[in-house]
Every structure is written in structure tokens, then in C-alpha cells.
Amino acid sequence: MERKKVAFYTLGCKLNFSETSTIARSFQEEGFDRVEFEEVADIYVINTCSVTENADKQFKQYVKKAMKLNDKAFVAAVGCYAQLKPEELAAVDGVDLVLGATEKFKITDYINDLSKNDMGEVHSCEIQEADFYVGSYSIGDRTRAFLKVQDGCDYKCTYCTIPLARGISRSDTMENVLKNAKEISQQGIKEIVLTGVNIGDYGKGEFGNKKHEHTFLELVQELDKVDGIERLRISSIEPNLLRNETIDFVSKSRTFVPHFHIPLQSGSNDILKKMKRRYMRELYSERVAKIREVMPHACIGVDVIVGFPGETDEHFLETYHFLNELDISYLHVFTYSERDNTEAASFEGIVPANVRAKRSKMLRGLSVKKRRAFYESQLGTSRTVLFEGENKEGYIHGFTENYVKVKTPWNPELVNTLHEITLTKIDEDGSVRMEFANIPV
């Protein structure tokens, strides 16, 4: 009997990638062969995102794509959007199954019969039931893996649907995180990126309750001891949860790299209060200053939202000038989009779409300038690069420990290897040219 084929597509964040990878392994254990999404498959699984309006539109495009490849294929939707709007997804032409937050990891239990449904079948829970933890990690890309350490969020930011889509903050046990990290390192993967919804909250819910046995700092300290891991990278972490002790530890760590991604969302204290963020801009400045003090060469990325309700030109300029003066390396700019069932959806002072777009463009321009200045500050320095696996127009790319993107002529032997290099000049495409210092690390 021919083995059934399954394909996956992931929308959204690194956390979703780690979960897709885990779900894929459960299919493989059930005797399915995993194929690329562009190939003909018997089942297509789309892991959805709820953060922006764009992710909603993309879902429909990928269902269409799957149906074009095989109009008899079984299509399943999982993830955040599937939890928030299950009926809406079930009504999309071609969708057969929609699984919410607690059901997605049991997907193979629901797929007994692969015949198409007239209407998508929905299995989604009340989000209060999403109170247990499922560990996961991704190993699709050979050079780095995303390791999930935490899920859910107890914060009540007024623009955010994540607590509605993923439930309360809960953590993996220290024992399981370390076990997963060892499994990853045994597969020859050189870099692990720690991921979660609110990873600085690590430790909460480790035992299915609010009891805290461990902290994020302790997690970082224990991971640093795992043999076989060359690099560990912290993904996004809230400024109020990034402790000075953690910054100090990373600066002296064996494996943790000098790269932080810290959400700011607004440089105006008025707007931060409206967003119900748990810090003011002064605390943010302190965190950046602390990182620069102990790791002058660190890369610091920032998330920022433009066009939040009530954001006047003055508020926006406060954000622009704050970021312009801050010693950071790049920005991720999000244009605010209204999400159902969030507090901000009913706020007054809606910012017109064209103003949101203009502000977004200004901050993206600032990001280009910041990244260029950061790259220029690194020219002439010696760094370690980890090369990726793709041949892009005759070049191989990689990232230094402090997240400078470098390029050199394609050589397949460099894939997934670490090398000492010197950064020499910035290329027209914005990446950095390099010279090999010596032999591989």
C-alpha cells in the first residue's frame, strides 16, 4: 500500500515553526511521508497566525494553492487563527478540518478518513482549557533550530489576540527543555533559537500551576552547559523581563550570542499606557544602555507598532526621535491592524490607513539607516560566521554571532560550518563581504 503524503505551511512566528515541525514528526511516526508544500500531497496542514490582517488573507491563498495541486487533498487548519475564528476558517472553500489550541498536537487522531467534507469540521476548545504544555522544536533548517520553552501569555496588551489564541502563560519543565536541546545538538545543528510567546516569563506554569520553580536566568544558565551546542540565541524578550543578571550572564556565556530582540511598540509613554505595556520608555533606554555597557558589539533589534488608536503626529515623532537617538541595530515595524475582541478595537482616535502607511515607511527607512550604521561599526572586526544551506545567485550567506549577514561565493562545503572571518565591506545588496581568518572553528 502506497504511503500517504503530507505537506505543511507555516504562517507567523518562530514559535509556529517549532510547533509545525513537531506536528510533522507525529505524522511521520504514523507512517506518512513529508513533502514540500509545492508538491502533490494527500494532506495539507496550514499553521495559521492571528497577529495581522495579512496573515488572514494569506491563509486563503495557501488553501487555494493546495487545492490547485490536488483538488481531492484533505486540508487542515491549526494554530492561532484556527483558535480565534474556527467557523470562519471552516467556511473557506476546500478546508476540511480546523483544530484549536489544545487539539493541534493530536491532529493525527482526527485524520481517520481523508474524504473531503462539504464544510470544515471544527474541534476547538474554550481557551481556558489550553492550560497544559506541549514541548516542541523545529529542525527543518539544518543550521538552526527553534526550541520552544514557553507558551501563552498573562499580559493584557490592548492590541493583542495572543492570550485569546494561546491561553495562559505556561512553561516546559527544565528537564524537558534540556532533553530537547540535547536531541537537537545530536543532529549536528549548530544553533538553537529559544522561542515562546513571552519567554522572559519562563518558569511560570512549569508544573501546571502558577508555582515558579525556575526562572529564565536559570534556564539560560543550564542551557549554557549542554554539550554539543555551538550557539544559543534568545528570540524576542520583554524589556521588563530582561534582567541585568541575564544580560551580564550572556556577556560572559560560552554559547549565548550577543543578540537581543526587545519589543518596544511605542516610544511614547502615553501610547505605552494605552497599550497596557508593563514598562515606560525610560526602562527601555536602561536595558539598551546596559547591553551596550557589557557588549558594545551586540545586535539589538526592536519591534514597534505604528498607527495605534490615539497616536497623534506628536506621539509618532516622539517614537521616531526616541528610536533615532537609541543605539539599536534594526527595527521590525508593524502597522497596527484592528483585531476582534481586543480592547483597542473599540478605542477612539482611529489613525487613517494612509497615515499608518506613511509612518510605517518612515520607520522602515530609519531601520535601513540603523542597520547600515551597525554594519559599518563592525567592519574590520573578527567574528564567527555560521553558513546557511542555500545557493543564492552564486553566493552563500551566513550570520555572525551578532547577527551581521555576510556573503561569500557559493561553496557547498561551507554549509552548516562555523568559520573565523574578518568583515571587510558592505555590498550593494546590504550584506557584508568577508575574508576567512584561518581554518574552520
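These notes cover the structure that comes with them. None of these values were measured; they are calculated from a predicted model.

1. Concerning the overall build of the protein chain
Next up, step 1: When you go through the protein chain residue by residue, the secondary structure sums to 13 helices and 20 strands.
Next up, step 2: Computed over C-alpha atoms, the radius of gyration of the protein chain comes to 22 Å, within 12% of the 22 Å expected from 2.2 N^0.38 for 441 residues, which places it in the range of a compact globule.
Next up, step 3: Its C-alpha atoms put the protein chain at 60 × 55 × 45 Å along the principal axes.
Next up, step 4: Considering only contacts in the protein chain between residues 6 or more positions apart, those separated by 24 or more positions represent 72%.
Next up, step 5: Accessible area for the protein chain stands at about 19600 Å²; split by element, carbon and sulfur atoms hold 49% of it.
Next up, step 6: Mean positive and mean negative side-chain charge positions of the protein chain (59 and 68 charges, respectively) differ by 3 Å.

2. Comments concerning helix 8 (residues 216-223)
Next up, step 1: Along helix 8, the residues classified as buried are Phe216, Leu219, Val220 and Leu223. Within helix 8, the buried residues cover an arc of 100° as seen down the axis, which keeps them to one side.
Next up, step 2: Lining the buried residues of helix 8 we find helix 7 (174-185), strand 11 (191-195), strand 12 (231-234) and helix 9 (244-252).

3. With respect to the sheet that holds strand 6 (residues 121-123)
Next up, step 1: Here 6 strands make up an open sheet; going across it, the order is 2-1-3-4-5-6 and the pairing parallel. Only two strands of the sheet have a single neighbouring strand rather than two, namely strand 2 (33-35) and strand 6. Strand-to-strand twist of the sheet, defined as the mean angle between neighbouring strand axes without regard to direction, takes the value 20°.
Next up, step 2: Note: strand 1 (residues 5-10) against strand 3 (residues 43-48), 5 bridges, orientation parallel. The residue of strand 3 that forms the bridge with Phe8 is Val45.
Next up, step 3: On the sheet, helix 1 (residues 14-29) packs against strand 1, strand 2, strand 3 and strand 4 (74-79) and is oriented at approximately 175° with respect to strand 1.
Next up, step 4: The sheet contacts of helix 2 (residues 53-69) involve strand 1, strand 3 and strand 4, and relative to strand 3 the element is tilted by about 170°.

4. Points about the pattern of salt bridges
For side chains bearing opposite charge, pairing can occur when the charged atoms are close.
Next up, step 1: Counted under the stated rule, the structure contains 31 salt bridges.
Next up, step 2: Between Arg144 and Glu388 there is a salt bridge whose closest N-O contact spans 3.1 Å. Here Glu388 lies in the loop between strand 16 (382-387) and strand 17 (395-400) and Arg144 lies in strand 8 (residues 144-148), a separation of 244 residues in the sequence.
Next up, step 3: Residue Asp313 pairs with Arg359 through a salt bridge whose shortest N-O separation is 2.7 Å. With Asp313 in helix 12 (residues 313-325) and Arg359 in helix 13 (residues 353-378), this residue pair connects regions lying 46 residues apart in the sequence.

5. Structural notes on the sheet that holds strand 7 (residues 137-138)
Next up, step 1: Pairing is mixed across the open sheet formed by 4 strands, whose spatial order is 7-8-11-12. Looking at the sheet topology across the chains shown, the edges are occupied by strand 7 and strand 12.
Next up, step 2: Pairing of strand 8 with strand 11 involves 5 bridges; the strand directions are parallel. When the bridges of strand 11 are listed, Lys148 appears paired with Thr195.

6. A look at unusual backbone geometry
Next up, step 1: One non-glycine residue, Gln265, adopts positive backbone phi at about 75°.
Next up, step 2: Within the secondary structure, Gln265 sits in strand 13 (residues 259-265).
Next up, step 3: Of note, the phi angle at Asn416 is positive, near 60°, even though the residue is not glycine.
Next up, step 4: Residue classification places Asn416 among the buried positions, given a relative accessible area of 9%.

7. Some details on the packing of helix 7 against helix 8
Axis angle and axis distance: for two packed helices, these are the angle between their axes and the distance between the axes, and together they describe the pair.
Next up, step 1: Two elements in contact, helix 7 and helix 8, have axes whose closest approach is 11 Å; the angle formed by their N-to-C orientations is 35°. In this structure, helix 7 meets helix 8 at a crossing whose hand is right-handed. Of helix 8, the residues touching helix 7 (which contributes Met174, Val177, Leu178 and Ala181) are Glu218, Leu219, Glu222 and Leu223.

8. Comments concerning helix 7
Next up, step 1: Taking 1.5 Å per residue as the helical rise, helix 7 with its 12 residues ought to reach 16 Å, and the 17 Å between its terminal C-alpha atoms agrees with that figure.
Next up, step 2: Tucked into the core, helix 7 has its buried residues touching strand 7, strand 8, strand 11 and helix 8.

9. Details of the pairing of strand 13
Two faces make up the sheet, and in a regular strand the side chains alternate between them.
Next up, step 1: For strand 13, a buried count of 7 out of 7 residues is recorded, marking the element as mostly surrounded by other parts of the structure.
Next up, step 2: Burial along strand 13 is two-sided: the face carrying His259, His261, Pro263 and Gln265 and the face carrying Phe260, Ile262 and Leu264 are both buried.
Next up, step 3: Examined bridge by bridge, strand 13 and strand 14 (residues 299-306) share 6 bridges and lie parallel to one another. Counterpart to Ile262 in the pairing with strand 14 is Val302.

10. Side note on the nonpolar core
Next up, step 1: Leu147, Leu194, Phe216, Leu223, Ile291, Leu323 and Leu363 are the most contacted members of the largest nonpolar core, which totals 51 residues.
Next up, step 2: Top element by residues in this core is helix 7. It accounts for 5 residues.
Next up, step 3: Other than its neighbours up to four places away in sequence, Leu194 contacts Leu147, Val149, Ile199, Phe216, Leu223, Leu232, Arg233, Ile234, Ser235 and Phe256.
Next up, step 4: Of all hydrophobic cores here, the second largest spans 24 residues; its members include Val35, Cys49, Ala55 and Ala77.

11. Focus: the pairing of strand 8
Next up, step 1: Summarising burial for strand 8: 5 of the 5 residues are buried, a large majority.
Next up, step 2: Judged by which residues are buried, strand 8 turns out to be covered on both faces: Arg144, Phe146 and Lys148 on one side and Ala145 and Leu147 on the other are all buried.
Next up, step 3: As paired elements, strand 7 and strand 8 share 2 bridges and run antiparallel to each other. Within the sheet, the bridge partner assigned to Ser138 lies in strand 8 and is Phe146.

12. Quick word on the packing of aromatic side chains
Next up, step 1: Tallied over the entire structure, the rule returns 15 aromatic pairs.
Next up, step 2: Measuring from ring centre to ring centre gives 5.4 Å for Phe308 and Tyr336, while their planes differ by 75°; the resulting arrangement is edge-to-face. Placement of Phe308 in the loop between strand 14 and helix 12 and of Tyr336 in the loop between strand 15 (330-335) and helix 13 is noted, with a sequence separation of 28 residues between them.
Next up, step 3: Geometrically, the ring pair formed by Phe308 and Phe347 is edge-to-face, given 6.1 Å between the ring centres and 85° between the ring planes. Pair noted here: Phe308 is in the loop between strand 14 and helix 12 and Phe347 is in the loop between strand 15 and helix 13, with a separation of 39 residues, a long-range link.
Next up, step 4: Here Phe308 falls in the buried class, since its relative accessible area comes to 0%.
Next up, step 5: Members of the aromatic cluster, joined through ring pairs, are Tyr9, Phe37, Tyr44 and Tyr62.
Next up, step 6: Taking the ring centre of Tyr137 as reference, the NZ or CZ of Arg25 above it sits at 4.2 Å.

Cut-offs used in this document
Residue positions within a chain follow its written sequence, with the count starting from 1. Where totals are concerned, whole chains, interfaces and linings use all residues; where local detail is concerned, this predicted model gives features only for residues with pLDDT of at least 70, and gives and counts side-chain atom pairs only at 80 or more. As a convention, hydrogens and water are excluded, and side-chain values are obtained from all of the structure's heavy atoms. Each helix corresponds to a stretch of at least 4 residues labelled H or I by DSSP, and each strand to a stretch of at least 2 residues labelled E; elements are numbered beginning at the N terminus. Our radius of gyration looks at C-alpha atoms and nothing else; its globule reference is 2.2 Å times the residue count to the power 0.38. The contact criterion used throughout is that any non-hydrogen atoms of two residues lie within 4.5 Å. Residue burial considers only the protein chains on display, and all accessible areas are found by Shrake-Rupley using a 1.4 Å probe. Charged residues are defined narrowly, with Lys and Arg counted positive, Asp and Glu counted negative, and His plus the chain ends left uncounted. Think of each charge as sitting on NZ of Lys, CZ of Arg, CG of Asp or CD of Glu. Throughout, exposure labels follow a simple rule: accessible area from a 1.4 Å probe, protein chains only, divided by the maximum for the residue type, with under 20% read as buried, over 50% as exposed, and the rest as partly exposed. As used here, the arc is the angular range of directions from the helix axis to the C-beta atoms. At least two bridges found by DSSP between two strands are what make those strands a pair. Fitted lines through C-alpha atoms give the axes, limited to the stretch in contact for helices. The angle between two N-to-C directions lies from 0 to 180 degrees. In what follows, salt bridge is the name for a side-chain nitrogen of Lys or Arg lying within 4 Å of a carboxyl oxygen of Asp or Glu. Handedness of a helix crossing follows the sense of rotation of the near helix relative to the far helix, less than a right angle counterclockwise being left-handed and clockwise being right-handed. Here, expected helix span is obtained from the residue count minus one, scaled by 1.5 Å. To qualify as a nonpolar core, a set must consist of buried Ala, Val, Leu, Ile, Met, Phe, Trp, Tyr and Cys residues joined through side-chain atoms within 4.5 Å. Working definition: rings of Phe, Tyr and Trp (its six-membered ring) pair if their centres are within 6.5 Å, and the pair is stacked with planes under 30 degrees apart, edge-to-face with planes over 60 apart, and tilted otherwise. A ring is scored as having a charge over it whenever the NZ atom of a lysine or the CZ atom of an arginine sits within 6 Å of its centre and within 35 degrees of its normal.

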